[in-house]
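Reading the structure
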Amino acid sequence: MTQEIILKYIDSSIKAVNWLETQINDDGSYYLETQDLACYYKSPYLFYISGKIELANRILNYIKNKFLRANGDLTTQENYKSENDAFGEYLAYINGSIAIAAQKMGRFDVSYPVYQYLTSFYHPELDGFTTNKPFEKGENVVDVLTTTHLGLTCLYFGDLERAKKAGKLLDKFINIQPDINSGFYLPNN
């Protein structure tokens, strides 16, 4: 990739961040008809790494006040994750992204309650993370995507024991691939 192309990507990224900034209210909400959690979960980290710390914190405050439940889960409404059906299946994905951003930002008032909830997805016999409900509350399906994402989340919280176990399970999933060069199958338990 040439330096010219890299500079174009950087310029486009800066323009996108600046435009998104114009779409945010003083309370950290977006100027949207919908107030769905899926519209917010990547924003704190995006603005944080873009150097817009105050804005990242404002959005994280909005997430905390609007979406954080007493049990540490993040939902659009009580018992309703999101309008995006994918997040109904991959229940913990949004939470992991917000927990990582909050942890990196030193926002332990958000990161730790959310992380404590995420630990309930850990499957102690398979050493991975369940997909669509906390362990023992759902079908207890452990998959590659959730185990990868929550294993990474464990690293951000210094939970090395769970992170290592998740890594070993992912290694097992990789080793059972029939032909990794032809594609990756998403195995689960």
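Because the structure is a prediction, the values reported are computed rather than measured.

A count of helical and extended segments in the protein chain gives eight helices and two strands. Counted from the first residue to the last, the protein chain has its helices and strands arranged as α-α-α-α-α-α-β-β-α-α. For the protein chain, whose C-alpha radius of gyration is 18 Å, the value lies close to the compact-globule estimate of 16 Å for 189 residues. For the protein chain, the proportion of its 189 residues judged to be buried stands at 44%. Sequence-distant contacts in the protein chain: of pairs separated by 6 or more residues, those separated by 24 or more amount to 54%. Here the protein chain displays about 10,600 Å² of accessible surface, and carbon together with sulfur accounts for 53% of that area. Looking at the protein chain, you have 18 positive and 23 negative side-chain charges, and the mean spots of the two groups are 5 Å apart.

When you line up the elements, Arg 69 lands in the loop between α3 (53-67) and α4 (86-89). Once you skip the residues sitting within four places of it in the chain, Arg 69 turns out to touch Thr 75, Thr 76, Gln 77 and Glu 78.

Looking now at the packing of aromatic side chains. Each pair of aromatic rings is reported with the distance of its centres and the angle of its planes. Scanning all chains against the criterion turns up 13 aromatic pairs. Aromatic pair Tyr 45 and Tyr 48: ring centres 6.4 Å apart, planes at 25°, arrangement stacked. Here Tyr 45 and its partner Tyr 48 are both found in helix α2 (residues 43-49), three residues apart, which amounts to about one turn of the helix. Judged by centre distance (5.9 Å) and plane angle (85°), the ring pair of Tyr 62 and Phe 67 falls under edge-to-face. The residues Tyr 62 and Phe 67 share a single accessibility class, namely buried. Ring pairs connect the aromatic residues Tyr 30, Tyr 40, Tyr 62 and Phe 67, which therefore count as one cluster. Above the plane of the ring of Tyr 122 lies Arg 162, whose end atom (NZ or CZ) is 5.1 Å from the centre.

Okay, the nonpolar core next. By size, the foremost hydrophobic cluster in this structure holds 37 residues, and its most contacted members are Phe 47, Ile 59, Ile 63, Leu 74 and Ile 98. Residue assignment for this core shows that the elements contributing at least two residues are α3, α5 (93-104), α6 (108-118), α7 (144-156) and α8 (160-175). Top element by residues in this core is α3. It accounts for seven residues. In contact with Ile 63, not counting residues within four places along its chain, are Tyr 40, Pro 44, Leu 68, Leu 74 and Ile 98. Val 142, Val 144, Leu 170 and Phe 173 belong to the second-largest nonpolar core, a separate cluster that totals five residues.

Where α5 contacts α6, the axes come no closer than 8 Å and their chain directions differ by 145°. Between α5 and α6 lies a crossing whose hand is left-handed. Packed against α5, whose contacting residues are Asn 95, Gly 96, Ile 98, Ala 99, Ala 102 and Gln 103, the element α6 presents Phe 108, Val 110, Ser 111, Tyr 112, Val 114, Tyr 117 and Leu 118 at the interface. When grouped by side-chain class, the residues that make up the contact of α5 with α6 number nine nonpolar, four polar and no charged.

Here the focus is the confidence of the model for the protein chain. Interpreting fine coordinate detail is not advised for predicted regions of low pLDDT. Summing up the model confidence of the protein chain, the mean pLDDT is 93 and the portion of residues at 70 or higher is 98%. When pLDDT is averaged over each helix and strand of the protein chain, the minimum, 89, is found for α4 and the maximum, 98, for α6.

This part takes up unusual backbone geometry. One non-glycine residue, Asn 79, lies in positive phi territory at about 60°. With a phi close to 60°, Asp 127 is a non-glycine residue in the positive phi region. Mapped onto the secondary structure, Asp 127 falls in the loop between β1 (122-123) and β2 (128-129).

Let us look at the pattern of salt bridges. If charged atoms from side chains of opposite charge come close, those side chains can pair. In this structure the tally under the stated criterion is 10 salt bridges. Salt-bridge contacts for Arg 58 lead to Glu 54; the nearest nitrogen and oxygen are separated by 3.0 Å. Placement of the pair is Arg 58 and Glu 54 together in helix α3, with a separation of four residues, close to one helical turn. A relative accessible area of 19% places Arg 58 in the buried class. Note that Asp 109 and Arg 107 form a salt bridge whose closest N and O atoms lie 3.0 Å from each other.

Rules and cut-offs
Residues numbered from 1 in each chain as written. Predicted model: local features only at pLDDT ≥ 70, side-chain atom pairs only at ≥ 80, totals over all residues. Heavy atoms only, no water. Helix = DSSP H or I, 4+ residues; strand = E, 2+ residues; numbered from the N terminus. Rg over C-alpha atoms; globule rule 2.2 N^0.38 Å. Buried < 20%, exposed > 50% of the residue type's maximum accessible area, 1.4 Å probe, protein only. Contact = heavy atoms within 4.5 Å. Areas by Shrake-Rupley, 256 points an atom, 1.4 Å probe, with all protein chains shown as cover. Lys, Arg positive; Asp, Glu negative; His and termini not counted. Charge placed at Lys NZ, Arg CZ, Asp CG, Glu CD. Phe/Tyr/Trp six-rings, centres within 6.5 Å; stacked < 30°, edge-to-face > 60°. Lys NZ or Arg CZ within 6 Å of the ring centre and 35° of its normal. Core = buried A, V, L, I, M, F, W, Y, C linked by side-chain atoms within 4.5 Å. Axes fitted to C-alpha atoms, helices over the stretch in contact; angles between N-to-C directions. Left-handed = near helix turned anticlockwise from the far one by under 90°. Nonpolar A, V, L, I, M, F, W, Y, C, P; charged D, E, K, R; others polar. pLDDT = per-residue confidence, 0-100. Salt bridge = Lys/Arg side-chain N within 4 Å of Asp/Glu carboxyl O.

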